[in-house]
Every structure is written in C-alpha cells, then in structure tokens.
Amino acid sequence: NDVEMLTECSWDDCNVRRVFIRKVYTILMIQLFVTLAVVALFTFCEPVKDYIQSNPGWYWASYAVFFITYLTLSCCTAPRRQYPWNLIMLSIFTLSLSYMTGMLSSFYNTKSVVLCLGITAAVCLLVTIFSFQTKFDVTSYQGVLFIFCMVLFISGIVLAFILPFQYVCTTMESTLAVFFFILCLKFLAFDTQLLMGNKRYTISPEEYVFATLNIYLDIVYIFSFFLQIFGTRRD
C-alpha cells in the first residue's frame, strides 16, 4: 500500500530517520553548491552576464522548465519516488532555478550579492538549528501558514495589475519582500521539522526528493528576497 506523504505518527526506527535526514541534506548541499556556482559565474563573469541580460528568452525558457518540473515533482507521486527519474527531474529543476537565481543576481552589485549570500547562509543555519532544538511544534500551525500564503498571494495579484501603471513605490516593494521573507523563514522551519519525525506531523521517508525540494526552494527564495530588500542594483 502507498504510504501517506504526511502522517501524524513518528517513526519508531531512529536509524531510518537518521538515514533519511542524511540523504536529504546530502542532496541539498549538492543543489546549493550548483546554485552558488551559477550565481558566481553570472555575477563575476562579465561576458556571461552581458549575454544573459541581453537574451531574456533563456530566462523564460528556464522558468517554464522550472514550473513543469516543480508541478510534476510536487503533484505526482510516481515520478518523485521512482529512481533514477526522481533525481534526474530534481537535477533539471535545480539547474533551471539556478539559472533564474543567477540572472536575478546579475542585476545587482557584486558586493550586495556576496553579502546576501553570507546573510542567507547564516540565517538558514540558525533557523535549522532552532528547528532541531526547539520544543515548539511549527508543523501544527499549518492554518496560520495558509492564511499568510493567501494574504500574500492576493497582494501579489494586486501588485501584478498595478505595477505597469507605476503606482507601486520602492517602499511598498521592499515591504512585500520583507513579508515574503518572513513567510519563507516560517516555511523553512516547517519543512525542517517535517523531516525530523518527532513532531505532530512528519514526512514519509520515501519522500526524500519532496523534502529536499521544499527546503531548497525555501533557501533560494530567502536569498532572492534578501537581494530585493538589501541589494543595490547596478548602474
């Protein structure tokens, strides 16, 4: 029988949980190193930077690949559990999101990108340690996260309609980025505790690709919103 992705019971075998956590963070570290390499290439290499900025079609192509692979891995159980196709799709997803993140970084000052990378690493490390050590159960507050998501989703739709008319000031954009950043921090703590197995809700050990996908997205989004809040655009 198929194992539910999200259950209310803890795993009795602690060794299974340790192997699962080790597998998730091993894949996550590889993803982050790939993303860091792409961001560094697009930030420090001037010919590459000029090429990607003058050819935005590649960005939209990578966005389409990102969207398709994300929906497939998130909504379809078979592709994300069937080895090696799950890792192949996860690799394609990582490369597409890395390209999008690298292109975003190319429009910001080099010092800003490096600073935001350092702050992101420190913040994500602190949130991860907090999630592992605290007795506070973030997984039991799914309703609160859902309400935050709906508020920000509606705000994003309104912003998309009024942005072409230049009714949005820089302060409003920064404020929304701060709210999105806080939401991503909460999701990072939520996703981290899901794979721990000692809270109210836990994720199935078969869903290591899904767990890695969520934590990787949280970290990339945190970095992106840091750039929007603190980053200085190139002249």
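All values derive from a computational prediction rather than experimental measurement. (Residues numbered from 1 in each chain as written. Predicted model: local features only at pLDDT ≥ 70, side-chain atom pairs only at ≥ 80, totals over all residues. Heavy atoms only, no water.)

A few points about the environment of L117
Locating L117 in the fold gives a position in helix α6 (residues 110-133). The spacing of L117 and V39 is 78 residues in sequence and 9.8 Å in space, taken between C-alpha atoms. If we ignore the near neighbours within four places in the chain, the residues touching L117 are L36, V39 and F223. (Helix = DSSP H or I, 4+ residues; strand = E, 2+ residues; numbered from the N terminus. Contact = heavy atoms within 4.5 Å.)

Some points on the pattern of salt bridges
What the rule picks out here adds up to three salt bridges. Put simply, E46 and K49 hold a salt bridge, and the shortest N to O gap is 2.9 Å. Taken together, the positions of E46 and K49, both in helix α2 (residues 46-54) and three residues apart, correspond to about one turn of that helix. Look at the salt bridges and you will find they share partners, linking R80, R81 and E207 into a network. (Salt bridge = Lys/Arg side-chain N within 4 Å of Asp/Glu carboxyl O.)

Description of the UniProt feature "transmembrane region" (unreviewed entry) in the protein chain
Per the UniProt record, "transmembrane region" (unreviewed entry) is found at residues 24-45, 57-76, 83-100, 112-132, 144-165, 177-196 and 208-230. In the segment residues 83-100, helix accounts for 89% and strand for 0%; the C-alpha atoms at its two ends are 26 Å apart. (UniProt positions renumbered as here; feature names shortened; annotations may be inferred.)

Re the packing of aromatic side chains
Overall, the coordinates contain ten aromatic pairs when judged by the stated rule. Geometrically, the ring pair formed by F42 and Y99 is edge-to-face, given 5.4 Å between the ring centres and 85° between the ring planes. With a gap of 57 residues between them, F42 in helix α1 (residues 14-44) and Y99 in helix α5 (residues 85-106) connect regions that are remote in the sequence. The two residues F42 and Y99 agree in class, both being buried. Each ring, one from F93 and one from Y216, has its centre 6.2 Å from the other, and the planes form 70°; the classification is edge-to-face. One end of the pair, F93, is in helix α5; the other, Y216, is in helix α9 (residues 208-230), and 123 residues separate them in sequence. For F93, a relative accessible area of 0% corresponds to the buried category. One aromatic cluster is present, formed by Y59, W60, Y63, F66, Y70, F93 and Y216 through successive ring pairs. Directly above the ring of Y208 sits K23, whose terminal nitrogen or CZ lies 4.4 Å from the centroid. (Phe/Tyr/Trp six-rings, centres within 6.5 Å; stacked < 30°, edge-to-face > 60°. Buried < 20%, exposed > 50% of the residue type's maximum accessible area, 1.4 Å probe, protein only. Lys NZ or Arg CZ within 6 Å of the ring centre and 35° of its normal.)

Details of the nonpolar core
Grouped together as the largest cluster of nonpolar side chains are 49 residues, with contacts concentrated most on F20, F93, L97, L195 and I215. With 15 residues, α9 is the single largest residue contributor to this core. Not counting residues within four places of it along the chain, the set of residues in contact with I215 comprises V24, Y25, L28, L188, D191 and L195. By size, the runner-up hydrophobic cluster in this structure holds five residues, among which are V38, F42, I52 and Y99. (Core = buried A, V, L, I, M, F, W, Y, C linked by side-chain atoms within 4.5 Å.)

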